[in-house]
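Residues per chain, in single letters:
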Amino acid sequence: MRTITSVDRASNVGPDYADAVRELLEEQRLISVLYEHHGQGLDGKPVNSMRLVRYLAPGTGDEKWAVTYDDDRAREIDEADTFEEADALYDEYVENLGQDDSELFPDVG
């Protein structure tokens, strides 16, 4: 697993490659979104999103998988060479970060 973008971990790919992957994901070019999950706030609006995507790596065209996490404070992108590795991380993100606020704070609202 390679870190492309993180708020608390250093990227372990070159800056040009990281920029190219971010651009692919932002423009949704040459990617297939396999899974997507949105955690909901107490107001029913999404507060975060997680995706597992397949794409062709910039420069090589090799098939890669990325797990992305976005909220109003953070953006995480991790890249894997195998679906199984990415799928395991996606499941971990959803389990640990994908709960709706109503599940976390049942007495509020």
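Everything that follows concerns the structure shown earlier in this document.
Residues numbered from 1 in each chain as written. Predicted model: local features only at pLDDT ≥ 70, side-chain atom pairs only at ≥ 80, totals over all residues. Heavy atoms only, no water.

(A) Quick peek at the packing of aromatic side chains. On inspection of all chains with the given rule, the structure shows two aromatic pairs. Measuring from centroid to centroid gives 6.1 Å for Tyr69 and Tyr93, while their planes differ by 80 degrees, and the two rings are edge-to-face. Of this pair, Tyr69 sits in strand S4 (residues 63–71) while Tyr93 is found in helix H2 (residues 83–97), placing the two residues 24 residues apart along the sequence. You can call Tyr93 buried: its relative accessible area is 10%. (Phe/Tyr/Trp six-rings, centres within 6.5 Å; stacked < 30°, edge-to-face > 60°. Helix = DSSP H or I, 4+ residues; strand = E, 2+ residues; numbered from the N terminus. Buried < 20%, exposed > 50% of the residue type's maximum accessible area, 1.4 Å probe, protein only.)

(B) Here's a closer look at the side chain of Ser49. Among the structural elements, Ser49 can be located in strand S3 (residues 46–56). Residue classification places Ser49 among the buried residues on the basis of a relative accessible area of 15%.

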